[in-house]
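Each chain is listed here by its residues.
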Amino acid sequence: MGLLSAHQPVRPQWICAGCRAPWPCRTVKRQLIKEFTGARISLMLHLSAYLVQACADLPRTPSGVLHSRFLAWPRSAALGDEQPR
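Residues numbered from 1 in each chain as written. Predicted model: local features only at pLDDT ≥ 70, side-chain atom pairs only at ≥ 80, totals over all residues. Heavy atoms only, no water.

A. Quick look at the overall build of the protein. Helix and strand counts for the protein stand at 3 helices and 2 strands. The order of α-helices and β-strands along the protein, N terminus first, is β-β-α-α-α. The burial tally for the protein puts 31% of its 85 residues in the buried class. Within the protein, contacts between residues at least 6 apart in sequence are counted, and of these 52% link residues at least 24 apart. For the protein, the accessible area works out to roughly 5,500 Å², and carbon and sulfur atoms hold 58% of it. (Helix = DSSP H or I, 4+ residues; strand = E, 2+ residues; numbered from the N terminus. Buried < 20%, exposed > 50% of the residue type's maximum accessible area, 1.4 Å probe, protein only. Contact = heavy atoms within 4.5 Å. Areas by Shrake-Rupley, 256 points an atom, 1.4 Å probe, with all protein chains shown as cover.)

Spelled out as structure tokens, the structure:
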């Protein structure tokens, strides 16, 4: 994700500085899909680091909610890293 993106997380609330949606917002997700095309594992590691920070900042939020927010969406995203058959 580019350093110049306006869609950075505002902590400890984990809302987007650009659009005020829960972070990662739709714009960030699109940026991450583009940046990590063909590198799904790297994307998951990247998002996992944010998940750990969000868990510390949002201790009352159920872990399943944070897991869905940070780690579930890339499974359905087109990252172009499927294995050839």
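B. A look at the pattern of salt bridges. This model, assessed by the stated rule, comprises 1 salt bridge. The shortest N-O distance in the salt bridge between Asp57 and Arg11 comes to 2.6 Å. Remark: Arg11 occurs in the loop between strand E1 (9–10) and strand E2 (15–16) and Asp57 occurs in helix H2 (residues 40–57); sequence separation between them is 46 residues. (Salt bridge = Lys/Arg side-chain N within 4 Å of Asp/Glu carboxyl O.)

C. Region of the structure containing the environment of Trp73. Looking at where Trp73 falls in the secondary structure, it is placed in the segment after helix H3 (63–72). On a C-alpha basis, the gap between Trp73 and Lys29 in space is 8.5 Å, while along the polypeptide they are 44 residues apart. Those residues within four positions of Trp73 in sequence are excluded, and the remaining contacts are Pro24, Lys29, Leu32, Ile33, Leu43, Leu47 and Ser68.

D. A look at H2. Given a rise of 1.5 Å per residue, 18 residues ought to cover 26 Å, and the 26 Å separating the end C-alpha atoms of H2 matches this to within 8%. Buried-residue contacts for H2 involve E1, helix H1 (26–35) and H3. (Expected span 1.5 Å × (residues − 1).)

E. Expanded view of unusual backbone geometry. With an omega of 10 degrees, the peptide bond running from Arg11 to Pro12 counts as cis. In this structure, Pro12 sits in the loop between E1 and E2. A cis amide bond, omega 5 degrees, links Trp23 with the succeeding residue Pro24. Here Pro24 lies in the loop between E2 and H1. Look at Trp14: it is not a glycine, yet its phi comes out positive at around 60 degrees. Mapped onto the elements of the fold, Trp14 is located in the loop between E1 and E2. Phi at Arg20 is positive, roughly 70 degrees, even though this residue is not glycine. Summarising the element assignment, Arg20 is placed in the loop between E2 and H1.

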